[in-house]
Amino acid sequence: LLRIPRSSYEGINPALIVAAGVIAYHETKATHLKPYPDALAALKRLSSTSLIRGVITAGLQVKQAEKLLRLGINHLFSPNAIFISDQIGVGKPNPKLYLRACDEVGVKPIEAIYVGDNPLTDADPANSIGMVTVLFRHGGKYSSLRGKSRPTYTIDNFRDLMRILKRDLRR
């Protein structure tokens, strides 16, 4: 609102415009932010194993934490394995973020599997430290991007991930 002339919203309290925008933003998230059904099934299945299940996400800590809560998946991750770039002070695609996550959960990068949808900020940094990488190609906004490195695996759904874990990685 500071960038547009006051005459554009003359007679309206600007706080009401901001509040309306906040409401619309939250209602849109509540309506459209949903986990992929097969991702939810995979996470539930993996949560019954002894595997450490984590997330590395980029963004503001409260917003990223809110997404995990809204999606209803926060309880499916190991409690000490949620890494939010803003909270840590290292952003994607810096490999230090991935190294920090591995260190904090007590695994070597070569023992970790990273699943992401962006080849540049997920697969490339994880590959650079020796993680097994799985690139999820779901036709989203990153589907046309190509990374500098090739992921270990490419999947179109999370049933494929479960097959990879069982068949190739014996997990």
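Keep in mind that what you see is a predicted model, and the values were worked out from it rather than measured. Residue indices begin from 1 for each chain and proceed along its sequence in written order. Confidence filtering applies because this is a predicted model: local features only for residues at pLDDT of at least 70, side-chain atom pairs given and counted only at 80 or more, and all residues used for totals across whole chains, interfaces and linings. Calculated side-chain values reflect all of the structure's heavy atoms, with hydrogen atoms and water omitted.

**Some points on the environment of A101**
And step 1. Strands are runs of DSSP state E lasting at least two residues, helices are runs of H or I lasting at least four, and both sets are numbered from the N terminus onward. By the element assignment, A101 lies in helix α5 (residues 95–105).
And step 2. A simple rule labels every residue: compare its accessible area, found with a 1.4 Å probe on the protein chains alone, to the largest value its type can have, and call it buried under 20%, exposed over 50%, or partly exposed in between. Residue A101 is classed as buried on the basis of its relative accessible area, which comes to 6%.

**Here we look at the pattern of salt bridges**
And step 1. The salt bridge criterion pairs a side-chain nitrogen of Lys or Arg with a carboxyl oxygen of Asp or Glu, the two atoms within 4 Å. Inspection of every chain in the model, using the stated rule, returns seven salt bridges.
And step 2. In this structure, E66 engages R70 in a salt bridge whose closest nitrogen and oxygen atoms are separated by 2.8 Å. Here E66 pairs with R70, and both are found in helix α3 (residues 61–71), just four residues apart, close to one helical turn.
And step 3. Of the residues examined, E66 reaches a relative accessible area of 18% and is grouped as buried.

**What to know about the environment of T31**
And step 1. Take T31: it is sitting in helix α1 (residues 14–32).
And step 2. Spatially, the C-alpha atom of T31 lies 32 Å from that of N94, the residues being 63 residues apart in sequence.
And step 3. Two N or O atoms count as a polar contact when they lie within 3.5 Å, although within protein this holds only if one can serve as hydrogen donor and the other as acceptor, and sequence-adjacent residues are included solely when both atoms are side-chain atoms. For T31, the side chain forms a polar contact with the main-chain oxygen of E27, separated by 2.8 Å.

**As for the environment of T121**
And step 1. Mapped onto the elements, T121 comes out in helix α6 (residues 119–128).
And step 2. Contact criterion: two residues are considered in contact whenever any of their non-hydrogen atoms come within 4.5 Å of each other. Contact partners of T121, with chain neighbours within four places excluded, come to K92, P93 and Y98.

**Some thoughts on the sheet that holds strand β5 (residues 153–155)**
And step 1. Strands qualify as paired when DSSP identifies two bridges or more between them. With respect to topology, three strands assemble into an open sheet ordered β3-β4-β5, the strand pairing being parallel. If you trace the sheet from one side to the other, it starts and ends with β3 (113–116) and β5, each paired once. Pairwise comparison of adjacent strand axes, ignoring direction, gives a mean angle of 20 degrees for this sheet.
And step 2. Bridge count for β3 against strand β4 (residues 132–136) is four bridges, and the pairing is parallel. The angle between two axes is taken between their N-to-C directions and runs from 0 to 180 degrees, where each axis is a line fitted to C-alpha atoms and a helix contributes only its stretch in contact.

**So, α6**
And step 1. α6 sits mainly inside the fold: seven of its 10 residues count as buried.
And step 2. Of all the positions in α6, only P119, D122, A123, D124, P125, A126 and N127 are classed as buried.
And step 3. Those residues of α6 hidden inside the fold are in contact with α5, β3 and β4.
And step 4. A distance of 2.8 Å separates the backbone nitrogen of L120 from a side-chain oxygen at the start of α6, and that oxygen is part of N118.
And step 5. Positive backbone phi, at 95 degrees, marks G130, one or two positions downstream of α6.

**Topic: the nonpolar core**
And step 1. Counting residues in each nonpolar core, the largest one holds 15 residues, and the members touching the most others are I56, F83, L97, Y98, Y114 and M131.
And step 2. Here this core takes five residues from α5, the largest share from any one element.
And step 3. Apart from residues no more than four positions distant in its own chain, Y98 is found in contact with I56, K92, P93, Y114, T121, D122, P125, A126, I129 and M131.
And step 4. Core analysis: the second largest hydrophobic core is formed by 13 residues, A42, L46, V134 and L161 among them. Put simply, buried Ala, Val, Leu, Ile, Met, Phe, Trp, Tyr and Cys residues joined by side-chain atoms within 4.5 Å make one nonpolar core.

**Considerations on unusual backbone geometry**
And step 1. Following K92, the chain continues to P93 via a peptide bond in cis, the omega torsion being 10 degrees.
And step 2. Relative to the helices and strands, P93 resides in the loop between α4 (85–88) and α5.

**Re the packing of aromatic side chains**
And step 1. Two rings belonging to Phe, Tyr or Trp (six-membered ring only in the last case) form a pair when the distance between their centres is within 6.5 Å. Interplanar angles under 30 degrees mark stacking, angles over 60 mark edge-to-face geometry, and anything in between is tilted. Scanning the entire structure with this criterion turns up three aromatic pairs.
And step 2. A ring pair is formed by Y36 and F136, whose centres lie 5.2 Å apart and whose planes are at 80 degrees; its orientation type is edge-to-face. Of this pair, Y36 sits in the loop between α1 and α2 (37–46) while F136 sits in strand β4, placing them 100 residues apart in sequence.
And step 3. F136 sits in the buried class, given a relative accessible area of 7%.
And step 4. Each ring, one from F136 and one from F158, has its centre 4.6 Å from the other, and the planes form 45 degrees; the classification is tilted. With a gap of 22 residues between them, F136 in strand β4 and F158 in helix α7 (residues 158–167) connect regions that are remote in the sequence.
And step 5. Look at F158 and you get buried, because its relative accessible area is 12%.

Read these as spatial facts, not as claims about activity.
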